[in-house]
Amino acid sequence: MSFTDRRILAIRDLAAGETLADACRAAFEGARVETLSPDGLPASWPSGHEPELVVLDAGGDLVALGEVIAGLARLANPPAAILAGDHLPAALVRALLRLPRADVVEAPFGPRELAEAALLLLRPVETPAAPPAGGRCWTVTGAVGGAGATTLSIELAAALAERAGGKKRVALVDLNLADGATAAYLGASANMMLGRASQAPERIDAALLEVFASPAPGGFDLIAQTRDPHGFETVSAEAVMRVLETACQVYDFVIVDAPRHRRSWSLDVFAGSDALLVVSELTVPALLAARALASELEADLTEGPGPRIILNRLAKRVFGPAPSMGEAEKALGRKADGGLTSDWEAAAASVNLGGPIRSHRPGSRIAKDVDALVDRLLAAAPHPATAGVPPAKTSRAA
Ligand SMILES: Nc1ncnc2c1ncn2[C@@H]1O[C@H](COP(=O)(O)OP(=O)(O)OP(=O)(O)O)[C@@H](O)[C@H]1O
Ligand SMILES: [Mg+2]
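Caption draft 1: Structural detail: the environment of V284. Positionally, V284 belongs in helix α11 (residues 284–300). Non-local contacts of V284, meaning those with residues more than four positions away in its chain, are made with P323 and A331.

Here's what the structure looks like:
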């Protein structure tokens, strides 16, 4: 969602100067930002000229601000409102929150905080008339750092989108909330703002998910948030689960790139998935980590799918003392459920150009290996959302 041509009114005391108006101009790029003092608010606006959002500077005269809020409440269709500032007076906040769409932004704040609050308030309210009955959710996580979880997540989403040919909707949700790489790998925007949404998780619905989603090369939607060192701390388990539940209503397929370190919500995400893929590589430490992680998950997940191990970066010719597949499965204490061939050129070219490997290097073995894995996962348990999704032309027998 963009702010272009949105009508935004900044209300500030003359004594407070232009700080709020400047912050609004920086936050709402392309919007028509007007500034008024509290006593300049008209009783009504001509039709089509009403502000869509009013931003109030809490630093002004409290009585005058209270009157502005009361004036907004009297309008037949009150605009969205944000009260921004330091030491927000409780009475004013109470009055503000009685408006149908209102939020507070506490100092210190910058354009980003204002924009985030405004996006949530201005999002469209309609929800799709008939969302799909419930999409299929496959979650991917790594046994060790750099194993290839993000790469596999992107390739699964792209493979499903390619098969569906525009007839089914596919989303990739990046739950690496502090430093997710999907947006950078794809050259797509990261629009999710889960920290703010966590303050009112009940507001997370299909319309808000549309705001969070951005189209990614490969024909699917990306739901990811920008780098934020506090990304995990500001997010509640309820908000994460609502995003996933809503995504499963809106999309036919949801691929989750899940963080390797367990969060308070990780087991809920895994248990709610139709498949749980643990990506490892063919080194002894990675195999031992995959074995340990798979055992932990089996012990801790009383419901939901069992973990499946996918071995990544399998080399045709092995340089150095890498374990053979047989030795790898011995170290794992189980059979691997899939493998991806190593193809550094294809992987590097794709992340540098931005997009899935199957778009930039359709002939890569990685694309074929992912097709085979998708075939196996689709065959694993019939699901209404997958009816009519054809097997890939290039897939090998499972
Ligand atoms: N099969 C493959 N062949 C060659 N390179 C690969 C392959 N799979 C992944 N890579 C590369 O390995 C690197 C790490 O991959 P990726 O980021 O997907 O791992 P990750 O498990 O998500 O890492 P993190 O722990 O940081 O989340 C990337 O540069 C990626 O392009
Ligand atoms: Mg990753």
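Still more to cover.
Caption draft 2: View of the site of ligand 1. Neighbouring ligand 1 are 20 residues; G142, G148, T150, T151 and A347 lie closest to it. Those elements that place two or more of their residues in the shell around ligand 1 are α5 (149–164), β12 (307–314) and α13 (344–353). Taken together, the residues that form the shell around ligand 1 break down as nine nonpolar, eight polar and three charged.

Caption draft 3: Focus on the nonpolar core. Core analysis: the biggest nonpolar cluster contains 122 residues, and C24, V55, L56, I82, A247 and V254 have the highest contact counts within it. The residue makeup of this core includes at least three contributed by each of domain 1 (7–122) and domain 2 (136–386). Residue contacts for I82: discarding those within four places in its chain leaves L53, V55, L56, D103, V105, L114, A117 and A118.

Caption draft 4: Up close: the pairing of strand β9 (residues 220–223). Pairing of strand β7 (residues 170–174) with β9, which is carried by three bridges, proceeds in the parallel orientation. Its bridge partner being in β9, L172 is matched across the sheet by L222. Both strand β8 (residues 213–216) and β9 contribute to a ladder of four bridges, which runs antiparallel. Paired with S214 across the bridge in β9 is L222. Linking two consecutive strands that pair antiparallel, namely β8 and β9, is a turn of three residues; a positive phi of about 115° is found at G218 within it.

Caption draft 5: Looking closely at the sheet that holds strand β1 (residues 7–11). On the basis of which strands lie adjacent, the open sheet formed by five strands has the order β2-β1-β3-β4-β5 and parallel pairing. Each having just a single partner strand, β2 (32–36) and β5 (102–106) make up the two edges of the open sheet. Here the average twist between neighbouring strands, direction ignored, is 20°. Relative to β2, β1 runs parallel, the two being bridged by five bridges. When the sheet's bridge partners are listed, L9 is paired in β2 with E34.

Caption draft 6: Representation of the packing of α5 against helix α15 (residues 365–380) in the model. It is the contact of α5 with α15, at a shortest axis distance of 10 Å, that shows an interaxial angle of 75°. When the axis of α5 is compared with that of α15, the two are roughly perpendicular. Side by side, α5 and α15 meet where E155, L156, A159 and L160 of the first sit next to I366, V370, D371 and V374 of the second. The residue inventory of the contact of α5 with α15, partitioned by class, reads six nonpolar, no polar and two charged.

Parameters and conventions
Each chain has its residues counted from 1, following the order in which its sequence is written. Written order determines the labels here, with chains lettered from A and ligands numbered from 1. Side-chain atom pairs in this predicted model are given and counted only at pLDDT of 80 or more, local residue features only at pLDDT of at least 70, and totals for whole chains, interfaces and linings cover all residues. Comment: elements are numbered from the N terminus, with helices defined as DSSP H or I runs of at least four residues and strands as E runs of at least two. Contacts here follow a simple rule: the backbone-placed C-beta atoms of the two residues must lie within 7 Å. As used in this record, a residue near a molecule or strand is one whose C-beta atom, placed from the backbone, is within 6 Å of it. Following the grouping adopted for this structure description, the nonpolar residues are Ala, Val, Leu, Ile, Met, Phe, Trp, Tyr, Cys and Pro, the charged ones are Asp, Glu, Lys and Arg, and the polar ones are all others, Gly among them. We define the nonpolar core as any set of buried residues of the types Ala, Val, Leu, Ile, Met, Phe, Trp, Tyr and Cys, connected via C-beta atoms lying within 7 Å of each other. Our exposure labels follow a C-beta count within 10 Å of each residue's own C-beta, placed from the backbone: buried means 20 or more other C-beta atoms, exposed means 12 or fewer, and partly exposed covers the counts in between. An automatic or database domain assignment is the source of the domain bounds shown. Only when DSSP finds a minimum of two bridges between them are two strands counted as paired. Interaxial angles span 0 to 180 degrees and are taken between N-to-C directions of axes, which are lines fitted to C-alpha atoms, for helices over the stretch in contact. Roughly parallel covers angles under 35 degrees, roughly antiparallel covers those over 145, roughly perpendicular covers 65 to 115, and oblique covers all other angles.

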